[in-house]
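Here is what each chain is made of, one letter per residue.
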Amino acid sequence: MPDIHAAPMLEKHTIGFVPESDRHGKVRDLFTLWFGGNLAPLPIVTGALGPSLFGLSLWWSLVAFVVGHLAGGALMALHSAQGPQMGIPQMIQSRGQFGTFGALIIVVIAAVMYLGFFSSNIVLAGQSMHGIVDGIPVDVGIVAGALGSAVICIIGYRLIHILNRIGTWVLGIGILVGFFAILTGDLPSDFLTRGDFNFAGWLATVSLGALWQIAFAPYVSDYSRYLPKTVGVPSTFWATYLGCTLGSFLAFSFGAVVTLAAPVGMGTMDGVKATTGSLGSVMLVLFLLSVISHNALNLYGAVLAIITSIQTFRARWIPTARARVILSTIILVAASVVAIALSADFVSHFVDLVVVLLVVLVPWTAINLIDFYIIHKGVYDLDSIFRFDGGIYGRFNWTAITAYLLGIIVQIPFMATSLYTGPVSAFLGGADLSWVAGLVVTGPIYLLLARRGPGRSAGAYAPGTRETARL
């Protein structure tokens, strides 16, 4: 197996196929990437919503976290296992299901998602800097946090993995020490009794956990695509699944503990400083470094999604590191402006983004996994994927697009948002089950339509095309 230390620090690939000669790393790198990457302020703030927004007790919040992360994490890890087999980013691989132009629907949605998470994270970076040093304005901290993430993104894949290997140990020990400091400190008398079980709030918290995992699906295989093809699907799946579910559960739980231990109404990151005593400033420094490192993944994903969109219309263009530098800079400026404008109320904006993502990401996840594991069994024609006309996949695959749109429509009665609550959700007291409906309906519909429609079997390739290895 090629040695990761032999790989250049500055990544030269973007959306192009990674040849076997450039493959490097070990499957355990996926565990540390997703464990360390999830010990960050945004999942901590999200976990705090269980008690603070949905009124759950600590116990019921923890149960909801487990159910949500285990369910969503399975889907996310199945996407990760595609990386070594395909050797290309997840978004451009979606052309094999939706066609060259049809995949733009998903690519644009993914780009918006990355930008939303990137903006939310740099707000947290700014607030963390301000919490550490009062003299640093939040806006200045936002720009500094964005710059740090941009540098990591520009250097690319290898640095991202290295930082998260370090973060797994440093942040893992740090958050355990933080738990100890809070739980052995002066806890409020209602720490274990505040909140209760309510069905709608519990399901909403489960959905937050599931979506947290599903939101990684459009780019999770980007971080496994450099592994050698000999790395099997099971080992890739388990390294990713355990890393992401354990890391995110730890962060979500820390957020719930902080919000119950802190004075009512205090912001989550302010609560971290207040509840961990003399360790407060150290914790904020660790989380500041974490959010900058973690946020590089969102910027990296946004850059690859935008490059994929542009390459759709310029099929002969396979950009390298220069394009990543230019686009990272443009996104850095735009996201900083948005983050500064929304910094005063970013949590509510983030929750709205979460609800929208549930609706539009779940049908794509179902279609992609059914197509990869059941229909094509991991075998795709990469030459067609990079052609302007889509080759054997065409510009539009109406089978996938139809199933995708039906998957969105079927979720509407089950939705519960600030703008609209569907009849089923209203009957259930406001519980949002849209993502469950989207998964249950979209997959079977796509499988049925694909098997009845024109054949696009794994073997239906013109001579001389390049294929991935079979699973």
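Each value, and the rule that gives it
Residues numbered from 1 in each chain as written. Predicted model: local features only at pLDDT ≥ 70, side-chain atom pairs only at ≥ 80, totals over all residues. Heavy atoms only, no water. Helix = DSSP H or I, 4+ residues; strand = E, 2+ residues; numbered from the N terminus. Expected span 1.5 Å × (residues − 1). Buried < 20%, exposed > 50% of the residue type's maximum accessible area, 1.4 Å probe, protein only. 1 Å grid on protein atoms, 1.4 Å probe; cavity = no way out; pocket = protein on both sides within 12 Å on 5 of 7 lines; lining within 4 Å. Points joined across faces, edges and corners; volume = space filled by probe spheres on them. Nonpolar A, V, L, I, M, F, W, Y, C, P; charged D, E, K, R; others polar. Axes fitted to C-alpha atoms, helices over the stretch in contact; angles between N-to-C directions. Parallel < 35°, antiparallel > 145°, perpendicular 65-115°, else oblique. Left-handed = near helix turned anticlockwise from the far one by under 90°. Contact = heavy atoms within 4.5 Å. Salt bridge = Lys/Arg side-chain N within 4 Å of Asp/Glu carboxyl O.

1. Let's talk about helix α7 (residues 104-132)
End to end, α7 covers 42 Å across 29 residues, agreeing with the expected 42 Å (1.5 Å per residue, within 8%). By the criterion of burial, α7 is predominantly enclosed, with 22 of the 29 residues buried.

2. Here we look at empty space enclosed by the protein
A complete count under the given rule lists two cavities of 30 Å³ or more for this structure. Reported here for the largest cavity is a volume of approximately 60 Å³. Elements supplying a minimum of two residues to the lining of the largest cavity: α7 and α13 (280-313). Per element, the largest residue contribution to the lining of the largest cavity is three residues, and it comes from α7. The residue inventory of the lining of the largest cavity, partitioned by class, reads seven nonpolar, two polar and no charged.

3. Considering the packing of helix α2 (residues 41-52) against helix α11 (residues 233-261)
Here α2 crosses α11 at 55 degrees, and the two axes come no closer than 6 Å. Here α11 runs oblique to α2, going by the angle between their axes. You can see that α2 and α11 cross each other, and the crossing is right-handed. The segment α2 lies against α11, with P43, I44, T46, G47, A48, P51 and S52 engaging A251, F252, F254, G255, A256, T259 and L260. Of the residues in the contact of α2 with α11, the class split is nine nonpolar, five polar and no charged.

4. Some remarks on the pattern of salt bridges
Pairing is possible between side chains that carry opposite charge, provided their charged atoms lie close to one another. In this structure the tally under the stated criterion is three salt bridges. Close ionic contact of D29 with R165 constitutes a salt bridge, the shortest N to O distance being 3.4 Å. One end of the pair, D29, is in helix α1 (residues 28-37); the other, R165, is in helix α9 (residues 157-183), and 136 residues separate them in sequence. Taking the relative accessible area as the measure of exposure, D29 reaches 8% and is therefore buried.

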